[in-house]
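Now for the letters of each chain:
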Amino acid sequence: MPVKEKKLEELRKLLGRHYPDDADWALVEKAYALAFQAHRGQRRESGESFITHPLGVATILAELGLDLTTVIAGLLHDVVEDTAVTLEEIKEAFGEETAALVDGVTKLSRLDFASREEQQAETLRKMFIAMAEDIRVVLIKLADRTHNLRTLRHLDPRKQQEIARETMEIYAPLAHRLGIYKIKWELEDSAFRYTKPGAYYRLVDKLAKKRREREHFINRLIKIILKRLEAVGMSAEIQGRPKHLYSIYHKMKEQDKDLSEIYDLTAIRIIVDSVKDCYGVLGTVHAIWKPIPGRFKDYIAMPKPNMYQSLHTTVVAAENELVEIQIRTWEMHRTAEYGIAAHWRYKEKVTDEREFDQKLAWLRQLLEWQQDYRDAREFIENLKLDLFTDEVFVFTPRGDVIDLPAGSIPIDFAYKIHTDVGNTCTGSRVNGRLVPLDYVLKTGDMVEIITGKNSSPSRDWVKMVKSAQAKNKIRGWFKRERREENIEKGREMIERENRRLNYDLRQLLKNDLVEEVAGKFNLQSANDLYGAVGYGGITVRQFIGRLREEYRRKYGVKEDPLPQARPEQHLPESAPGVMIEGIDNIMVRFARCCNPVPDDAITGLVTRGRGVSIHRKDCPNLKPYLSESGRLLQVSWEKEADRAYQVTVEVSAHDRANLLADITAAISECKIEIAAVNGRAERDNTAVIHLTLNVRDRQQLERVMNRIKKVKDIYSVRRHLYWKS
């Protein structure tokens, strides 16, 4: 029997378990006939007829137990992309639902993109948006990627690396997030083989030498457990599960250990009939062997967001070896293997429809996010950041579990609760203790957010938060609330960067060019584009990159618009307010480490490539240059200078409610502008606050410092120095 007929018969047997009706199979055969005819004459790199690929994808989907519509879409998933068949034809023959699934996985290969990287990013964006509306889209894509990896050996090494790396970055983490561990493990191990072949084959060789010894050891443990369970009248199926290659490699790298130092290379899985039996088996196992403190996880009481449930414990077994034991019911086992795919079939049996939708809430958020990310590559990078990093599980004061990306801070938590909670966040308590807003949350923390009616986000938060959801909402606030400010700021940032690159601003920033680029980012006008740069929705680099591409395309040139001749540069004689003795026409700037102000004793440091840097004479960062002849210059203040200078003041105080409000009120009384505020809470209930103030001279600074000292609970007020490490 030819290979394709054999595979078709295999598919029929798989579907026969769930769809024994001949009419159902007739529909599958109709889809197969269309795919076979459409792909006639096409061959894969292996030399096989192309139809073996859609057949393989449909078979994987049938193994996952998915519905007939999904299996049919799997058979047809490449016909729109690779043949003359249209979506309209699929819709007419198989219905709108099947056509929508096929469209969701169709690559955007027929559109015009600036680069292959952009094409891949836009393809992934389309897939994720489609999957947020129908989860089956990504299940087809995962099956497609799994089958492609099985035949990856036939491609050239560069293509192998590219596909394997994308699998590691996107598809394997996605399978994990959906709980489809059967697919996840295969994707990881297959991609590992091509991304790091040396490490892969070394590990395979080492494990092969230990295999027989490990199998003998695990079989002895299984017999011990079975005997004890029989003695207490319990029955279970017990399996020895060798850990997958990539998970072993990842653990070795993460913990910086050799294979000989990794003891739990094999896990024992115990499958029982009820939740009650799970805890009964756990007690029996702990009675046989001593559990390792801190290694017990109850995912039954607190399931993972991908619906995974199981008890995990690590024990010191015979010969003092560590062994991981997983205990679950048969239903939990099915979910662990097939994740969301297992629940698709049983969706109609869920008593509360909202329960199923809640499991997919993170997917629904994608629809909201994609509207704010104008650049597909940025969308994918933020998607990886938010969905595919490790997670932490924290609690609200009411005991609700909130999952966040590892590395999240209280601001991430606040925005996860509600946009308004995030926008008005002023502080947080973790486990009843006040912590700074950049405190990194850990699993098990109980988090409480402190809000203020008149509070608003800080631009610095965008760099601090970990979750794409929080970044998106912070940018959204600035986008709405400060449009004019954002436009002006964005325009300045772009002009400054263009001047740095020495581009001809008159040529490059023509309004029609900028309008064209705005359209590329799905924006309505040049001002919308400048505003997006101002609030951080689009980076200056992204803007200028698109602007250069549009300039070259429009004018048919390969070069950037550089000025014909560089104008003679007139560097400032000195920074406003200072004079350098004996030197003219040199660039001068104030050092940020010590922020000198008029009446401070100052000196100038000759830097390499950035002119003269003005420091206070007592600045510790000058010490390395005291012995270098000619590096330090005499500098004096101009008597009639009338401008503000920034200086940072460090305030140490007893941490209490309204402390910051009282300090800022004291500064306002002195009619001094605050440029920036940053603070943290120490363990001894001390608050340390850094205030950047705009002052005219040292006398004004001393007056405001003395006023701050009079505020209740202040320990000390001093000028702050930033030391270079």
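Quick notes on the rules
- Residues numbered from 1 in each chain as written.
- Predicted model: local features only at pLDDT ≥ 70, side-chain atom pairs only at ≥ 80, totals over all residues.
- Heavy atoms only, no water.
- Axes fitted to C-alpha atoms, helices over the stretch in contact; angles between N-to-C directions.
- Helix = DSSP H or I, 4+ residues; strand = E, 2+ residues; numbered from the N terminus.
- Parallel < 35°, antiparallel > 145°, perpendicular 65-115°, else oblique.
- Left-handed = near helix turned anticlockwise from the far one by under 90°.
- Contact = heavy atoms within 4.5 Å.
- Pairing = 2+ DSSP bridges.
- Salt bridge = Lys/Arg side-chain N within 4 Å of Asp/Glu carboxyl O.
- Buried < 20%, exposed > 50% of the residue type's maximum accessible area, 1.4 Å probe, protein only.
- Phe/Tyr/Trp six-rings, centres within 6.5 Å; stacked < 30°, edge-to-face > 60°.
- Polar contact = N/O pair within 3.5 Å; in protein donor to acceptor, adjacent residues only side chain to side chain.
- Core = buried A, V, L, I, M, F, W, Y, C linked by side-chain atoms within 4.5 Å.

Caption draft 1: Geometry of the packing of helix H26 (residues 511-520) against helix H28 (residues 540-555). In contact at an axis separation of 9 Å, H26 and H28 are set at 120° when each is read in the N-to-C sense. On the basis of the axis angle, H26 is oblique to H28. In the packing of H26 onto H28, the handedness of the crossing is right-handed. Along its contact with H26, which presents Asp-512, Leu-513, Val-514, Glu-516, Val-517 and Lys-520, the element H28 presents Phe-543, Arg-546, Leu-547, Glu-550, Tyr-551, Arg-553, Lys-554 and Tyr-555.

Caption draft 2: The arrangement of the sheet that holds strand E15 (residues 612-616) in detail. Spatially, E12-E16-E14-E15-E13 is the arrangement adopted by the five strands of the open sheet, whose pairing is mixed. Each end of this open sheet is capped by a strand with a single partner; those strands are strand E12 (578-580) and strand E13 (588-590). The average undirected angle you get between the axes of adjacent strands in this sheet is 35°. The sheet contact formed by E12 and strand E16 (residues 632-637) spans three bridges and is antiparallel. Residue pairing across strands places Ile-580 opposite Val-635, the latter belonging to E16.

Caption draft 3: Up close: the pattern of salt bridges. For the coordinates displayed, the defined rule picks out 19 salt bridges. Here Arg-616 makes a salt bridge to Asp-618, at a shortest N to O gap of 3.1 Å. When the shortest N-O distance is used, the salt bridge between Asp-713 and Arg-656 registers 2.7 Å. Of this pair, Asp-713 sits in the loop between helix H30 (698-709) and strand E20 (714-719) while Arg-656 is found in the loop between strand E17 (645-654) and helix H29 (659-669), placing the two residues 57 residues apart along the sequence. Looking at Asp-713, the relative accessible area reads 26%, which means it is partly exposed. Here the salt bridges share partners, and the residues they tie into one network are Asp-600, Arg-698, Glu-702 and Arg-719.

Caption draft 4: Representation of unusual backbone geometry in the model. For Asn-431, which is not a glycine, the phi torsion comes out positive at approximately 55°. Residue placement: Asn-431 occurs in the loop between strand E9 (425-430) and strand E10 (433-435). A positive phi angle, near 75°, is found at Asp-713, a position not held by glycine.

Caption draft 5: Here's a closer look at the packing of aromatic side chains. What the rule picks out here adds up to 13 aromatic pairs. Look at Tyr-181 and Tyr-308: their rings are 5.6 Å apart centre to centre, the planes differ by 75°, and that puts the pair in the edge-to-face class. Of the two residues, Tyr-181 is situated in helix H11 (residues 181-195) and Tyr-308 in the loop between strand E4 (297-298) and strand E5 (311-316); the sequence distance between them amounts to 127 residues. By relative accessible area, Tyr-181 is classed as buried at 6%.

Caption draft 6: How the structure looks around the side chain of Thr-314. Relative to the helices and strands, Thr-314 is located in strand E5. Exposure remark for Thr-314: the relative accessible area of 1% places this residue in the buried category. Side chain to side chain, Thr-314 and Arg-295 meet in a polar contact 3.4 Å long. Those residues in contact with Thr-314, other than ones at most four positions away along the chain, are Lys-290, Pro-291, Ile-292, Arg-295, Leu-322, Val-323 and Glu-324.

Caption draft 7: Broad picture of the nonpolar core. The biggest cluster of nonpolar side chains holds 70 residues, and the ones touching the most others in it are Leu-11, Leu-15, Leu-76, Ile-90 and Leu-203. In terms of residue count, the dominant contributor to this core is helix H10 (residues 157-177) (eight residues). Ile-409, Ile-487, Val-517 and Phe-521 belong to the second largest nonpolar core, which has 47 residues in total.

Caption draft 8: Representation of the sheet that holds strand E11 (residues 447-451) within the structure. Strand order in the open sheet made by the three strands is E10-E9-E11, with antiparallel pairing throughout. At either margin of the open sheet sits one strand with a lone partner, and together these are E10 and E11. Across the sheet, the mean angle from the axis of one strand to that of its neighbour is 35°, orientation sign disregarded. Judged from the three bridges that link them, E9 and E10 form a sheet pairing that is antiparallel. Bridge pairing links Val-430 to Arg-433 in E10. This element, helix H20 (residues 410-417), spans E9, E10 and E11 of the sheet and lies at about 80° to E11.

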